[in-house]
Amino acid sequence: MRAEGTSCDLPANVPVSLIVLQSERKVQELAASVRNASIVRGDRETVIFDDGRVITADVSAAGDHLNELGWGNRRIEFAVSFPRRRRLPKRAVG
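Residues numbered from 1 in each chain as written. Predicted model: local features only at pLDDT ≥ 70, side-chain atom pairs only at ≥ 80, totals over all residues. Heavy atoms only, no water.

## A short note on the environment of Arg-25
Phase 1 of the analysis: Its location among the elements puts Arg-25 in helix H1 (residues 24-33).
Phase 2 of the analysis: Judged by its relative accessible area of 47%, Arg-25 falls in the partly exposed class.
Phase 3 of the analysis: The spatial distance from the C-alpha of Arg-25 to the C-alpha of Glu-45 is 8.2 Å, given a sequence separation of 20 residues.
Phase 4 of the analysis: Engagement of the side chain of Arg-25 in a polar contact is seen with the side chain of Glu-29, the distance being 2.7 Å. (Helix = DSSP H or I, 4+ residues; strand = E, 2+ residues; numbered from the N terminus. Buried < 20%, exposed > 50% of the residue type's maximum accessible area, 1.4 Å probe, protein only. Polar contact = N/O pair within 3.5 Å; in protein donor to acceptor, adjacent residues only side chain to side chain.)

Here it is, written out as structure tokens:
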């Protein structure tokens, strides 16, 4: 996936919502499920929508894309999703 928007008319007071996932595959799956926004910039690891949502597996690359869009100084709201760790079994007391 490659989208090359150069700018977007997102109002200045709207923050960027940064969703960080564990892999390119997860980014592509979530991006494909979005129906109410258009992609303004994207590659395999990062997809940016015209409503300010950013889905990425590479925060540094997402920052580069945001700067290219002129969104580098916006407030950022983070959401991070990583696999759950298995709980260790409880130790027997005794």
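## Overview of the nonpolar core
Phase 1 of the analysis: Core analysis: the biggest nonpolar cluster contains 11 residues, these being Leu-10, Val-16, Leu-18, Val-20, Val-40, Ile-48, Val-54, Ala-62, Leu-66, Leu-69 and Trp-71.
Phase 2 of the analysis: Listing elements by their share of this core, those giving two or more residues are strand S2 (16-20) and helix H2 (59-69).
Phase 3 of the analysis: If we ignore the near neighbours within four places in the chain, the residues touching Leu-66 are Val-16, Ile-48, Val-54, Trp-71 and Gly-72.
Phase 4 of the analysis: Formed by eight residues, the second largest nonpolar core is a distinct cluster that contains Leu-21, Val-34, Ala-37 and Ile-55. (Core = buried A, V, L, I, M, F, W, Y, C linked by side-chain atoms within 4.5 Å. Contact = heavy atoms within 4.5 Å.)

## Observations concerning H1
Phase 1 of the analysis: Every buried residue of H1 is accounted for by Val-27, Gln-28 and Ala-31. End-on view of H1: buried residues confined to an arc of 95°, all on one side of the axis.
Phase 2 of the analysis: Tucked inside the fold, the buried residues of H1 contact strand S4 (46-49) and strand S5 (53-56). (Arc of directions from axis to C-beta.)

## A look at the pairing of S2
Phase 1 of the analysis: Of the two faces of S2, the one lined by Val-16, Leu-18 and Val-20 is fully buried and the one lined by Ser-17 and Ile-19 carries no buried residue.
Phase 2 of the analysis: Strand direction decides the pairing type here: S2 and strand S6 (residues 76-80), joined by five bridges, are parallel. Opposite Ser-17, over in S6, you have Glu-77 as the bridge partner.
Phase 3 of the analysis: Note: S2 against S5, four bridges, orientation parallel. (Pairing = 2+ DSSP bridges.)

## Some thoughts on the environment of Phe-78
Phase 1 of the analysis: Within the secondary structure, Phe-78 sits in strand S6.
Phase 2 of the analysis: Residue Phe-78 is classed as exposed on the basis of its relative accessible area, which comes to 56%.
Phase 3 of the analysis: Once the C-alpha coordinates of Phe-78 and Ser-17 are considered, the two residues, 61 residues apart in sequence, prove to be 6.0 Å apart.

## Brief notes about the confidence of the model for the protein chain
Note that predicted coordinates carrying low pLDDT should not be read in detail.
Phase 1 of the analysis: A residue-level look at the protein chain finds 80% of positions with pLDDT of 70 or above and a mean pLDDT of 85.
Phase 2 of the analysis: Mean pLDDT in the protein chain bottoms out at strand S1 (residues 3-4), which sits at 50, and peaks at S4, which reaches 97. (pLDDT = per-residue confidence, 0-100.)

## Regarding the side chain of Thr-56
Phase 1 of the analysis: Residue position: Thr-56 is located in strand S5.
Phase 2 of the analysis: For Thr-56, the side chain forms a polar contact with the side chain of Thr-46, separated by 2.7 Å.
Phase 3 of the analysis: One polar contact links the side chain of Thr-56 to the main-chain amide nitrogen of Asp-58, over a distance of 2.9 Å.
Phase 4 of the analysis: Among residues more than four places away in sequence, those in contact with Thr-56 are Leu-18, Ile-19, Val-20, Leu-21, Val-27, Glu-45, Thr-46 and Ala-62.

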